[in-house]
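For reference, the chains in residue letters:
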Amino acid sequence: TVGFSGADLENMLNESAIMAARLNKKAIDMHDLEESATRVKLGPEKQRLQSELDRRMTAYHEAGHALVAWEMPHVDPVHRISIVSRGMSLGHTMTEPIDRVHETKAHLLEQIAMMMGGRAAEALVFDDITTGASNDIEKATQVARAMVTKFGMSELGPVNFDGERTIYEQSDLSQEMAAKIDVEVKKISDVAYKQAITILTRLRGKLDIIAEELMKKETIDSDEFIKLIGPKKGQAAATVPAKSGSTSKAK
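Summarised in this report is the structure supplied together with it.

Reading the values: rules and limits
Residues numbered from 1 in each chain as written. Predicted model: local features only at pLDDT ≥ 70, side-chain atom pairs only at ≥ 80, totals over all residues. Heavy atoms only, no water. Core = buried A, V, L, I, M, F, W, Y, C linked by side-chain atoms within 4.5 Å. Buried < 20%, exposed > 50% of the residue type's maximum accessible area, 1.4 Å probe, protein only. Helix = DSSP H or I, 4+ residues; strand = E, 2+ residues; numbered from the N terminus. Contact = heavy atoms within 4.5 Å. Pairing = 2+ DSSP bridges. Expected span 1.5 Å × (residues − 1). Polar contact = N/O pair within 3.5 Å; in protein donor to acceptor, adjacent residues only side chain to side chain.

## With respect to the nonpolar core
Then step 1. Within the largest apolar cluster, 44 residues are counted, with the highest numbers of intra-cluster contacts made by Leu 67, Val 68, Ile 112, Ile 210 and Phe 225.
Then step 2. Among the elements of the structure, α3 (52-71), β1 (78-82), α4 (105-126), α5 (134-149), α6 (175-202), α7 (204-217) and α8 (222-229) are those that each provide at least two residues to this core.
Then step 3. If we ignore the near neighbours within four places in the chain, the residues touching Phe 225 are Ala 66, Trp 70, Val 78, Ile 81, Ile 210, Ile 220 and Gly 230.

## Looking at the pairing of β1
Then step 1. The buried fraction of β1 amounts to four of the five residues, a majority that puts the element mostly inside the structure.
Then step 2. Here β1 pairs with strand β2 (residues 92-95) via four bridges, running antiparallel. Among the inter-strand pairings, Val 78 is bridged to a residue of β2, identified as Thr 95.
Then step 3. Of the strand pairs in this sheet, β1 and strand β3 (residues 219-221) are connected by three bridges, and their pairing is antiparallel.

## Examining α6
Then step 1. The terminal C-alpha atoms of α6 lie 41 Å apart, and with 28 residues this matches the ideal 40 Å at 1.5 Å per residue to within 8%.
Then step 2. Buried within α6 we find Ile 181, Glu 184, Val 185, Ile 188, Ser 189, Ala 192, Ala 196, Ile 199 and Leu 200.
Then step 3. In this fold, the buried residues of α6 make contact with α3, α4, α5 and α7.

## Quick look at unusual backbone geometry
Then step 1. The backbone of Asn 24 sits at a positive phi, close to 60°, despite the residue not being glycine.
Then step 2. With respect to the helices, strands and loops of the structure, Asn 24 is situated in the loop between α1 (6-22) and α2 (30-42).
Then step 3. Overall, Asn 24 belongs to the exposed group, its relative accessible area being 70%.
Then step 4. Phi is positive for Glu 218, which is not a glycine, with a value near 75°.
Then step 5. Along the polypeptide, Glu 218 turns up in the loop between α7 and β3.
Then step 6. Its relative accessible area of 33% is what places Glu 218 among the partly exposed residues.

## Side note on the environment of Trp 70
Then step 1. Relative to the helices and strands, Trp 70 is located in helix α3.
Then step 2. A relative accessible area of 11% means that Trp 70 is categorised as buried.
Then step 3. Taking the C-alpha atoms as reference points, Trp 70 and Lys 233, separated by 163 residues in sequence, lie 7.7 Å from one another.

## Some thoughts on the side chain of His 107
Then step 1. Tracing the sequence through the fold places His 107 in helix α4.
Then step 2. Side chain to side chain, His 107 and Glu 103 meet in a polar contact 2.4 Å long.
Then step 3. Setting aside anything within four residues of it in sequence, one finds His 107 in contact with His 74, Val 75, Asp 76 and Arg 100.

Here it is, written out as structure tokens:
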């Protein structure tokens with residue numbers, strides 16, 4: 001629930017209580033909390049009639065996101081993968097968010113690669129692409145553009161091209177510079193997409209394993225995911241409680 005407001009937490013617990021009551025439970029358990037937290041983030045489950053091909057495409061799409069996240073060292077660990085429809089999405093891949101003080105260029109680039117993982121999996125497995133990646137592409141483009149225009153993380157250097165301007169001051173950004181920004185944004189997106197394709201091509205066997213498991217179970221949690229393909233790099237060792245005079249930090 002990193003990033004949840006007080007209202008989000010209240011909503012989550014209210015949903016949990018309703019779910020527990022419907023099942024005649026005397027207490028809220030973790031399953032209720034997991035489901036209600038997902039509802040707050042993504043909306044309730046939706047029953048949609050899908051063909052076997054549609055389900056398989058969704059399974060590989062989400063497996064692509066998850067496997068790229070698993071391979072990238074700076075991306076947060078995979079928390080849940082599902083092909084259950086919620087809101088406008090046919091499936092989702094959630095990571096376990098780490099509350100960061102600083103956002104790094106490496107992490108942002110890997111996040112974009114993860115977002116491209118779904119589209120990359122479609123192209124690799126089906127030699128075709130779907131409209132299911134539209135939201136991923138939109139978010140990836142937003143991050144890439146912020147890197148170029150706000151954070152100075154491109155070859156254009158440490159300049160803010162997205163400052164506070166009124167409608168009359170938009171001309172401050174020349175057409176030539178706007179074109180250069182577009183080129184840098186596309187360059188970041190293209191590199192991330194190629195990274196995702198490279199990872200999934202190399203780990204094709206694991207991609208098939210995850211997708212097939214999703215076809216069977218529809219939802220895979222973090223423990224099941226690790227059992228299928230192993231722990232994320234740098235997370236093989238369990239966190240050990242800190243001893244007196246020493247520090248310990250989960251990775």
